[in-house]
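Structure at a glance
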Amino acid sequence: MRDFSNHSTERPAGHDVEITGVEAAVVDGNFEWNLVKVHTDAGVTGIGEAYRGGGVPELVEYTNRFLVGENPLDVERLFRYIVQEMSGHGGTTGKVVTAASGIEIALWDVAGKILDVPVYQLLGSRYRDRVRIYCDCHAGEAYAVDEGGFTEYANAEAYTPDAYAAEAERVVDMGFDAIKFDLDMERDNEPDPYNGRLSNAALNHKVEVVAAVREAIGDEIDLAFDCHWDYTVESAARLARALEPYDLMWLEDVVPPEETAAQREVARRTKTPLATGENRFRVHELTELLDGYAVDVITPDPTTCGGLAESKRVADRAEERYVPFSPHNVCSPVGTMACVHLCAAVPNADVLEYHALEVDWWDDVLERDEPIITDGYIDVPTDPGLGIELDESVVEDHVLPGTDGFD
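1. A word on the overall build of the chain
In terms of helices and strands, the chain carries 14 helices and 13 strands. Relative to a compact globule of 407 residues, whose C-alpha radius of gyration would be 22 Å, the chain shows 22 Å and is just as compact. If one aligns the C-alpha atoms of the chain with their principal axes, the spans along those axes are about 65 × 50 × 40 Å. The buried share among the 407 residues of the chain stands at 57%.

2. Some thoughts on the side chain of T276
Of note, T276 is situated in strand β10 (residues 274-276). Classification of T276 by relative accessible area gives buried; the value is 7%. Aside from chain neighbours lying at most four places away, what touches T276 is W229, D253, Q263, L289, V295, V297, I298 and T299.

3. Side note on the pairing of strand β2 (residues 32-40)
With seven of nine residues buried, β2 lies mostly within the body of the structure. For strand β1 (residues 19-28) and β2, the ladder comprises nine bridges, and the chain directions are antiparallel. Counterpart to G21 in the pairing with β2 is H39. Of the strand pairs in this sheet, β2 and strand β3 (residues 45-50) are connected by six bridges, and their pairing is antiparallel. The residue bridging N34 from the neighbouring strand is A50, located in β3.

4. Some words on the sheet that holds β3
Pairing is antiparallel in the open sheet, where three strands are placed in the order β1-β2-β3. Both edges of this open sheet fall to β1 and β3, since each of them pairs with a single strand only. Neighbouring strand axes in the sheet, compared pairwise and without regard to direction, differ in orientation by 20° on average. Where helix α4 (residues 94-115) meets the sheet, it contacts β1, β2 and β3, and its direction lies at approximately 150° from that of β3.

5. Regarding unusual backbone geometry
Here the amide bond leading from E190 into P191 is cis, since omega sits at 5°, within 30 degrees of zero. Assignment of secondary structure puts P191 in the loop between β7 (178-182) and α7 (200-217). Despite not being glycine, Y293 has its phi angle at roughly 55°, a positive value. The exposure class assigned to Y293 is partly exposed, which follows from its relative accessible area of 44%.

6. A word on the environment of R65
By the secondary structure assignment, R65 is in helix α2 (residues 64-67). Residue R65 is classed as exposed on the basis of its relative accessible area, which comes to 67%.

Conventions adopted
- Residues numbered from 1 in each chain as written.
- Predicted model: local features only at pLDDT ≥ 70, side-chain atom pairs only at ≥ 80, totals over all residues.
- Heavy atoms only, no water.
- Helix = DSSP H or I, 4+ residues; strand = E, 2+ residues; numbered from the N terminus.
- Rg over C-alpha atoms; globule rule 2.2 N^0.38 Å.
- Buried < 20%, exposed > 50% of the residue type's maximum accessible area, 1.4 Å probe, protein only.
- Contact = heavy atoms within 4.5 Å.
- Pairing = 2+ DSSP bridges.
- Axes fitted to C-alpha atoms, helices over the stretch in contact; angles between N-to-C directions.

Distances and angles like these do not, on their own, reveal function.
The structure is reproduced here in C-alpha cells:
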C-alpha cells in the first residue's frame, strides 16, 4: 500500500511547521454548516468548511489520529493521506471525502497565511478580480412585494407562477443578474409518487412558472431551474424540450445522479442546457459527465467532491472540453469564500451559487465591515490564505443545539 505520510526531514526556514489539532463545529444556518479548523505549532489556524450533514464532524475529528505532527503545507499530499488512511471507512467517496474536503480547504488557508499569499495564488493564478454570483431563490408561498417587503396573498396556493415571478423581481432588484429556482414540486407526485413520471398537468404548470418568471425579469437576466434528480429520462427530456423557448442558463439535476448514460441521453434530446455534478466525488466521477458531453455546465461542490485542488482538476477537464464550471455552493461565508478563490483561479469559471438569502446574519459570520456580496458579485480577497476571519461570537451564538462548537 502506498504511504502518503510524511517522509521528508528537510524544510526551508519557516516551513518546518506541524499540525497540532483538527476540530469541527456545526453552525445552525439554513443548513447545518460543518466548519473546520486546523491548528498548527506556528500559531496559525486555518478555517474551512465541509458540506452539510451528519457524520462529517466525527470524521474530521478522527483525522487527529494521524494528521497531528504532519506538515500543513503539504496540502494535496495530506488530502491523499486522509483518503488512504480512511479508505476502510469508504474513503474513496462519500462522507470521508466530504470531511477531507473541509480539512483540505483549511489547509490551504494555513498554507496561504504561512507563505503570505492568497489561496488563489497557491492554486496557480488569478483570472478575475470578482466572481459573479447567482442567487438561489424560493417561492414556496405566494406573495406580492410592496414598499415594506412582502405582502402575502390571502388564500393563495403555494408555488404559483405569480409567487415565482414576484420573488424573481425582488431578487433582481437586489442587484443579482443571475437567479435560480427549484422546479420540483409536490404535484410531481401525482398520480404516482414513486415512478418519476410527470403528468401533463405537472409539466404544464412548470412551463407556466418558467414563463411567468421570464416575463417578469426579461431576457437579459440569466435564469436557471433545479429539478433535484426527480424524473425519468422521458419526463426529463419532455420538460427540457418544453422549456427551450425560455432561453435558460441551465436546467439542473433532471435525472438521478447514478447513471451517466441517462444524463447523456437527456442532453442528446434537448437544446436546453443541462447542469449537474454536486452529488459526484473526485475528478474520476465528474469526468464521466464530461465525456460524451452529458452536461453543458459542470457543477461540482468543492466542499463535497475533494476540496479546492480536486475541483480545479475537474475544471481543467471541463476546460479541455470547452464546458463552463459553476460550483454548487450551499455553504456559510467560509465555504463560499473558498469557492471564490477557486473561481478566481479557474479560467472557465462562470457563476457561483449563493443559497442563504433567508439567513439575515449570513454576513456576520465573518469579521468584515462591508457586505460579502455587492451588486451580485463577490470581490476576490487579496489577504493571505482565504483572506477571512471568523467572528467567533456569531459562530457560538448559532452552534447547532446539542453540539459543542469549537474548543
